[in-house]
Amino acid sequence: MTEQESADVSPRTRRLSMACVTYVSYLLSSGIQNAFGVFYVTLLETFRWSPAALGGVNSLRYLVQAVASPVVGHLLDRYGPRRVVGGGCILLTTALLLLSQISSLWQFYLVFGVLAAASFSCMGRVPTVVLISGWFPSRRGTAIGAINSATGVGIVLVVPLAQWLVTEWGWGTGLQILAGSGAVLVLPLIWLFYGSDGGDGASRATSRVNSKGDVDWTAGLAFRSTRFWLIFVSRITAVSGTTVIVTYQIAHVVDVGFGPLFAATIFGLMGLTSTGGRMFFGFIADISSRRSAYTINTLTSLVGIGALIATRNPSDGTLLYIYVALFGIGLGSRAVISSALSADIFSGNKFGSVFGYLSAGTAVGGALGSWQGGVLYGVTGSYVSSFWIAAVTLGLSDVCIRIASSTWASSRDERLLRNEDEAWRR
């Protein structure tokens, strides 16, 4: 969108247009991430690599995204979304093209585990939350929830598309078509609709003070904040518990006697319940409070986990449907509420940097959850103990959010800001 065209449309229309572009970008990125399983099976059959060796790339992806999230936040603050998200789209296109030509395991680790992972960070949660929370400050929860529904839609659209492309054209050509789709359909939208003047939601600021002349949150200052670390721990514990459940749910249900096809089908419904849950809890977080919404979300998920644990044999099909409905509606929406709370507290010139560091906790939690479930299964021969631990960690996450939302934590951080403000003015 040119400068003259930007001036000819209302701010609301412009924000909505950019939000739609953000949605499409996030859909592409999350969809391709979730299509990993499609290419995982195909690469195993093609190259005869061991499942353990190939599966290790997912751990590398989590590690790279943990490191990349703060970097993306800093870049977003400094250069704005056009360069960061657009650069991520170019990097993703390049990674998909390179993936179509790989012939060895180390190439797969480098291209998917490093390059593609970095592109996911540039197009993923950090820029999405930072931009949306700036465009819709009075309805952050609802807006973030609506945009985050792109994850579920990406699963519904991109994963089947990837499978069809692999079946009809082969994995190499399928990857090339996905790369071309990103370059032709998404990149021009990013370049046209994300403004270049800094007025599109990214601050691109280097000053430590905001428009009112007060000291603003920076990453260094946030590291001294009580609420920063409470939210950081809540993200680790929430994602760790969620990852254990999502990673091993099908294996558990098959172990107790259900057929693999039935298990995969019923859990596929979770993508739909999760999509609705993100929008629902985002709205609840706006009309009530972040703390109340998070607690309701957690309690709903805990009842769902209880239903999964109680599933002992194929006659317990009703319990599985309860699990899918209740755990599914909470899946992903905890991140919506946590992101809205983070924006409430730390929004300002350097929110991208601060949120980038908070998002690193998500990747850490994902890595811990994946590791924990496998280790405990080797010790106990069952996934139930991992599910109980997941319930405890989700409860701990809620405790952290409730404390972060308390007057006590707010007062401590307000004193920190006042002291920093006085020091800066001297």
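Okay, so let's go over this structure. (Residues numbered from 1 in each chain as written. Predicted model: local features only at pLDDT ≥ 70, side-chain atom pairs only at ≥ 80, totals over all residues. Heavy atoms only, no water.)

1. Here we look at the overall build of the protein
Regarding its fold elements, the protein presents 20 helices and zero strands. For the protein, the proportion of its 426 residues judged to be buried stands at 54%. For the protein, contacts bridging at least 24 residues in sequence account for 83% of all contacts bridging at least 6. Accessible surface, the protein: about 17700 Å² in total, of which carbon and sulfur atoms supply 65%. (Helix = DSSP H or I, 4+ residues; strand = E, 2+ residues; numbered from the N terminus. Buried < 20%, exposed > 50% of the residue type's maximum accessible area, 1.4 Å probe, protein only. Contact = heavy atoms within 4.5 Å. Areas by Shrake-Rupley, 256 points an atom, 1.4 Å probe, with all protein chains shown as cover.)

2. Brief notes about the pattern of salt bridges
Two side chains that carry opposite charge are able to pair once their charged atoms sit near each other. Evaluated as defined, the whole model comprises four salt bridges. Linking Asp344 and Arg140 is a salt bridge whose minimum nitrogen-to-oxygen distance equals 3.1 Å. With Asp344 in helix α17 (residues 333-346) and Arg140 in helix α8 (residues 140-148), the pair connects residues that are 204 residues apart, well separated along the chain. Classification of Arg140 as buried rests on a relative accessible area of 11%. Between Arg290 and Asp344 there is a salt bridge, with the nearest N and O atoms lying 2.7 Å from each other. One end of the pair, Arg290, is in helix α15 (residues 290-310); the other, Asp344, is in helix α17, and 54 residues separate them in sequence. For Asp344, a relative accessible area of 33% corresponds to the partly exposed category. Overlapping salt bridges bring together Arg140, Asp286, Arg290 and Asp344 as one network. (Salt bridge = Lys/Arg side-chain N within 4 Å of Asp/Glu carboxyl O.)

3. Regarding the packing of helix α12 (residues 226-255) against α15
Running from amino to carboxyl end, α12 crosses α15 at an angle of 25°, the nearest separation of the two axes being 12 Å. Relative to α15, the element α12 lies roughly parallel. α15 is crossed by α12, and the crossing has left-handed handedness. Contacts from Ser234, Ala238, Ile245, His252 and Val253 in α12 reach Tyr294, Ile305 and Leu308 in α15. Considered class by class, the residues forming the contact of α12 with α15 number six nonpolar, two polar and no charged. (Axes fitted to C-alpha atoms, helices over the stretch in contact; angles between N-to-C directions. Parallel < 35°, antiparallel > 145°, perpendicular 65-115°, else oblique. Left-handed = near helix turned anticlockwise from the far one by under 90°. Nonpolar A, V, L, I, M, F, W, Y, C, P; charged D, E, K, R; others polar.)

4. A closer look at the nonpolar core
Phe108, Phe346 and Phe387 are the most contacted members of the largest nonpolar core, which has 107 residues in total. Per element, the largest residue contribution to this core is 10 residues, and it comes from α12. Residue contacts for Phe346: discarding those within four places in its chain leaves Trp217, Ala222, Ser225, Arg227, Phe228, Ile231, Phe351, Val354 and Leu358. (Core = buried A, V, L, I, M, F, W, Y, C linked by side-chain atoms within 4.5 Å.)

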